[in-house]
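# What the coordinates show
The lines below spell out each chain.
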Amino acid sequence: MMWRIRRRSRTICLSLAFITIFIHLLLALVSFSIYHQPCHTPLPPRTHILRDLAHTNYTSVVIRGPAELPTDNIQRDSSHKDGKKMVKSHVRPLSDKGGKNASIESDLLKLEALFGHPLYNMPSPPVPEEDWLLRVKPKVKASERSSQRWVSASQDGYEDVHWNSSSSSHPPWLRFHLGISRWQLYPHHDPNMEPLMQQLATHRIVSAVQKSGGTQLKLVMSFPNYGQAMFKPMKQERDEETNYNLYYFSDFERHNAEIAAFHLDRILGYRRIPPVAGRLVDVVKEIKDVTTDRKLARTFFTSPVGNECFYGQCSYYCSTEHAVCGCPRDLEGSLAVMLPDLSLARRKTWRSPWRRSYSRSKLAKWETEPEYCSTVKKTPPYDKGTRLVDFIDMVILDFLMSNMDRHHYETFEKFGNNTFLLHLDNGRAFGRHSKDEPSILTPLKQCCRIRRSTWLRLRLLSLPHYRLSDVMRASLSRDPLHKVAPLLAEPHLTALDRRLKTVLGTVSRCQKQQKRNGNGEDVFYEDTASLKDVATPAG
């Protein structure tokens, strides 16, 4: 009798255990289905996107002579009065029809006129030899040339390349590195921009490994010509806004924010963000199959709806609950050109004077002291040179794209304190369009100091003929991922115009304050001596 009771008890316990396991598996499947939805809207075929890229022009169009103000019905002449042919912009046909296509073409004409304006073509002296970040060895005798060539080893997937001192032998990424100078990453009219962006968007990926450090997932991808790019995968839809209950340091990094930041940086005339292009990547063929990173390789799996996913290892959002998934294998992402290796060009990291507390309860010093900038102005390197106004340039960029995550910035060590600031890591920008964050502008409000050239370009972008939202829309339409969907939703573009008015209003209040104070420091840092005869844009 006791034997039968024990047997029944054991059977009941086993049954309960099986039921518990079944319930847990069911909950896990439901959880996965929430995070990994099937692809309702099929992406355009990858082959179509790659074919279109061959006809895409990424360079700003060179306009010879005064810039014409574009209108919606403007007719393009094929030549100037002097008989020289006008340089035409290569606008690829868009998939949409009617009004949208006409609107994009009108915006592209505005962008063309903007980049042809004298404010974007200020004459500058030749770059001294010591102002180039990297140097090419001088010409050598013919008998010594063989030893001056860089010949690649025959590694799997990499090209057998021969480079010498001639720039024509260099791949686009190397020409970009050799073009970095003391004051900018690349020139305004850069003929290397188109082949460089083509490389990012279309070249075969031969290696993908996880980038060490950082709080979120990112990969370093390599190309057959030994170029490398930083890949940030798509984390959320373009029209999603950041949850209002999240702190700025808990936000996702967005791939489209990295792309849009590069375009905005160019439009503002800074050229301090490395070139970034969007790309559809095959999760299996271009990441899983080519990775040599064992830790990354262990995180790949197929979701319950058949999407290929992985999650890597990082401080935040690297788990099955926050996995990055293809659709079913195609994954959107941003690819940013890597800067020269630190062994060739060391960089110095600077803590931002207006760094946030990164605390849920504490305020930073600048948030409680209205005269905080007076202390900063007396502190090296902000006490002389252009460092303060360069920092204000970065503040304006961050406010326009609502980036609250600028805790540090970097410069190239070779140039000391007399150089531009690198505007890196912009993935947490463009999170909210319905709300502006006025605290980002605090350095401008407290210091009341700005480059005159920056102020003039901002006023130009506030005019209907060069409206910031329109030229941003046009610039972003040249990115490969525009074929999938616009990189920024329209509310984000509208927010740019609204925030631009706020910046100009802040400068205007600074001017009034300076007049009231009499002999106080001038609001403008003069850097437009070569534009004495150019009319100030009305605003």
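Just so it is clear, the structure is predicted and the values come from calculations on it, not from any experiment. Counting from 1, residues in each chain are numbered in the order their sequence is written. pLDDT decides what is reported in this predicted model: residues at 70 or higher carry local features, side-chain atom pairs at 80 or more are listed and counted, and totals for whole chains, interfaces and linings draw on all residues regardless. Remark: hydrogens and water are excluded; side-chain values derive from all non-hydrogen atoms of the structure.

### With respect to the packing of aromatic side chains
Selection criterion: Here a Phe, Tyr or Trp ring, Trp counted by its six-membered ring, pairs with any other such ring whose centre lies within 6.5 Å, and the pair is stacked when the planes are under 30 degrees apart, edge-to-face when over 60, and tilted otherwise. Helix and strand definitions here come from DSSP, where helices need a minimum of 4 consecutive H or I residues and strands a minimum of 2 consecutive E residues; each element is numbered from the N-terminal end. Type-normalised accessible area, obtained with a 1.4 Å probe on protein chains alone, sets the label of each residue: buried when under 20%, exposed when over 50%, and partly exposed for intermediate values. In this scheme, the term charge over a ring applies when either NZ of a lysine or CZ of an arginine sits within 6 Å of the ring centre and within 35 degrees of the ring normal.
Scanning the model with the defined rule gives 15 aromatic pairs in all. Aromatic pair Phe252 and Tyr317: ring centres 4.6 Å apart, planes at 45°, arrangement tilted. Here Phe252, found in the loop between strand S5 (228-233) and helix H7 (255-267), pairs with Tyr317, found in the loop between strand S8 (308-310) and strand S9 (324-325); they are 65 residues apart in sequence, far enough to count as distant. Residue classification places Tyr317 among the buried positions, given a relative accessible area of 19%. Between Trp354 and Tyr372 the ring centres are 5.5 Å apart and the planes differ by 80°, which places this aromatic pair in the edge-to-face class. Of the two residues, Trp354 sits in the loop between strand S11 (347-351) and helix H10 (372-377) while Tyr372 sits in helix H10, which places them 18 residues apart along the sequence. A residue is classified by how much of its surface remains accessible, and Tyr372, at 12% relative accessible area, is buried. Taken together, the ring pairs in this structure connect Trp350, Trp354, Tyr372, Tyr382, Phe391 and Tyr409 into an aromatic cluster. The side chain of Lys348 reaches across the aromatic face of Trp350, ending 4.3 Å from its centre.

### Here we look at the state of the cysteines
The term disulfide refers to a covalent linkage connecting the sulfur atoms of a pair of cysteines. Formally: Disulfide assignment relies on a single distance test, namely cysteine sulfur atoms paired within 2.5 Å.
In the structure shown here, the tally under the stated rule is 4 disulfides. Paired through a disulfide, Cys309 and Cys325 show a sulfur-sulfur distance of 2.1 Å. The sign of the 110° torsion about the S-S bond sets the Cys309-Cys325 disulfide as right-handed. Pair noted here: Cys309 is in strand S8 and Cys325 is in strand S9, with a separation of 16 residues, a long-range link. Cys325 carries the same exposure label as Cys309, and that label is buried. Disulfide pairing is shown between Cys314 and Cys318; the S-S distance is 1.9 Å. Judged by the sign of its S-S torsion, about 105°, the cystine formed by Cys314 and Cys318 is right-handed.

### What to know about the side chain of Asp293
Rule in force here: Residues scored as charged are limited to Lys and Arg (positive) and Asp and Glu (negative), so that His and the chain ends carry no count. Each salt bridge in this description consists of a side-chain nitrogen of Lys or Arg and a carboxyl oxygen of Asp or Glu lying within 4 Å of one another. By the criterion applied in these results, polar contacts are pairs of N or O atoms within 3.5 Å in which, for protein atoms, one can donate a hydrogen and the other can accept it, and in which residues neighboring in sequence qualify only through two side-chain atoms.
With respect to the secondary-structure elements, Asp293 resides in the loop between helix H8 (284-288) and helix H9 (294-297). Summary of buried charges: Asp293 has no salt-bridge partner, and the nearest side chain of opposite charge, Lys295, is 7.0 Å away. For Asp293, the side chain forms a polar contact with the main-chain nitrogen of Lys295, separated by 3.1 Å.

### Here's the deal with helix H6 (residues 193-202)
Extensive coverage of H6 is indicated by the burial of 7 of its 10 residues. Within H6, the full set of buried residues consists of Met193, Leu196, Met197, Gln198, Gln199, Leu200 and Ala201.

### Re the sheet that holds strand S3 (residues 207-210)
For clarity, the threshold we go by: Any two strands are treated as partners once DSSP identifies two or more bridges connecting them. To get an axis, a line is fitted to the C-alpha atoms, and for a helix only the part in contact is used. The angle between two axes follows their N-to-C directions and goes from 0 to 180 degrees. Whether two residues touch is decided by their heavy atoms; if any such pair falls within 4.5 Å, the residues are in contact.
Read across the open sheet, the 5 strands follow the order S3-S4-S5-S10-S6; overall the sheet is antiparallel. Both edges of this open sheet fall to S3 and strand S6 (276-282), since each of them pairs with a single strand only. The mean inter-strand angle of the sheet, taken between neighbouring strand axes irrespective of direction, is 35°. With 5 bridges joining them, S5 and strand S10 (residues 330-337) adopt antiparallel strand pairing. Within the sheet, the bridge partner assigned to Pro233 lies in S10 and is Gly333. Contacting S5, S6 and S10, H6 runs over the sheet at an angle of about 25° to S6. Most of the contacts of H7 go to S10, to which it runs at about 35°, and overall it touches S5, S6 and S10.

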